[in-house]
Amino acid sequence: MEQWKGKVAIVTGASAGIGKAIVVKLVKYGVHVVALARGEAKLKELADSLNGKGNNHGTVHIKVCDVTDEEAVKNVFSWVDSTLGGVSILINNAGTAIVSSLLNGKLEDWQEMMNLNVLALNVCSREAYQSMTKNKIDGHIIQVNSVAGHSITPYFAMKMSNATKHAVRVLCEGLRHELQLVGSKIKVSSINPGGVSTDLLLGILERSREPNTTIQVNNMEILQTVDIANAVITTLATPPTVLIAELTIIASGSTIQAHFQPSAAVVNNLLNS
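About the cut-offs
Residues numbered from 1 in each chain as written. Predicted model: local features only at pLDDT ≥ 70, side-chain atom pairs only at ≥ 80, totals over all residues. Heavy atoms only, no water. UniProt positions renumbered as here; feature names shortened; annotations may be inferred. Pairing = 2+ DSSP bridges. Helix = DSSP H or I, 4+ residues; strand = E, 2+ residues; numbered from the N terminus. Axes fitted to C-alpha atoms, helices over the stretch in contact; angles between N-to-C directions. Contact = heavy atoms within 4.5 Å. Core = buried A, V, L, I, M, F, W, Y, C linked by side-chain atoms within 4.5 Å. Buried < 20%, exposed > 50% of the residue type's maximum accessible area, 1.4 Å probe, protein only. Salt bridge = Lys/Arg side-chain N within 4 Å of Asp/Glu carboxyl O.

The name given to the chain in an unreviewed UniProt entry is Farnesol dehydrogenase-like, with the source organism recorded as Macrosiphum euphorbiae. Check the Sequence similarities (unreviewed entry) section of the UniProt entry for the chain; it says "Belongs to the short-chain dehydrogenases/reductases (SDR) family."

A. Here's a closer look at the sheet that holds strand E3 (residues 60-64). Taken in spatial order, the seven strands make up an open sheet running E3-E2-E1-E4-E5-E6-E7, and their pairing is parallel. Across the chains shown, the open sheet's two edge strands, defined by having one partner strand only, are E3 and strand E7 (246-249). For this sheet, the mean inter-axis angle between neighbouring strands, taken without regard to orientation, is 15 degrees. Here four bridges tie strand E4 (residues 89-92) to strand E5 (residues 140-144), and the two strands are oriented parallel to one another. Residue pairing in the sheet places Ile91 in a bridge with Ile142 of E5. Helix H3 (residues 70-84) contacts strand E1 (8-11), strand E2 (32-37), E3 and E4 of the sheet and is inclined by roughly 160 degrees relative to E2.

B. Expanded view of the nonpolar core. The biggest cluster of nonpolar side chains holds 36 residues, and the ones touching the most others in it are Ile22, Val23 and Leu26. The set of elements that each furnish at least two residues to this core consists of E1, helix H1 (17-28), E2, helix H2 (40-50), E4, E5, helix H7 (225-236) and E7. Those residues in contact with Val23 that lie beyond four places of it in its chain are Val11, Ala14, Val33, Ala35, Leu46, Leu50 and Val60.

C. Summary view of the pattern of salt bridges. Under the defined criterion, the tally for this structure stands at six salt bridges. Among the salt bridges present, the one from Glu70 reaches Arg126, with a minimum N-O distance of 2.8 Å. With a gap of 56 residues between them, Glu70 in helix H3 and Arg126 in helix H4 (residues 107-134) connect regions that are remote in the sequence. Here Arg126 falls in the partly exposed class, since its relative accessible area comes to 32%. Across the pair Asp81 and Lys134 runs a salt bridge whose closest N-O atoms are separated by 3.0 Å. With a gap of 53 residues between them, Asp81 in helix H3 and Lys134 in helix H4 connect regions that are remote in the sequence. You can call Lys134 exposed: its relative accessible area is 57%.

In structure tokens:
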């Protein structure tokens, strides 16, 4: 990680969950982080907890930014170029999953997932490429995707979310291919976690739980946010001649594709909610 000390990283979805854990890890390795999220209060709390730790630590700069707003994203990258000398690392972490069936789901829910998980990710990647190229930086773009990008999820009403993750996989491979064709040395990696203990996952599990049951996360084979942050560090720590193109991480004892069949009661509840 010495190669990145003093360099600038942009992390989207940085105020909580996986994004927050990634920011914490990067700063400890001396990387200066521009943390993006929509909620200012949590961003300030994160920056206050990490800044002023000494010369060996990086600094956190916060930017309130809705990454589905193209102009807002452009403004952030423009500020990074003019103030910090360009970005060396982009962690595309922002994303969402909405329980919405293909049978009766709402168009606005499908659009929200596509806009954030796919289009916003691509806009950020495009702006990172342009910043790195302009500033002659051989940087690294990491897409935080999911194992759902490699298979069909067995969960009811999660197929549109599933589709966005497949799109991210294609865009990641496509971005790497186009960079090769133009002779760029920018790296592109995809990290594909299984289930991670976040508020987002807990919300999905709560909506999908069987009647008269409770969600017991402590008994589940599930990753913690720090596990994903450690995977990001592993990916970044490779020498210039080595690329971790895809990194799939799941909890020990779990399987990449869960075998899960929801009951009729759960299906009916989700259809009628």
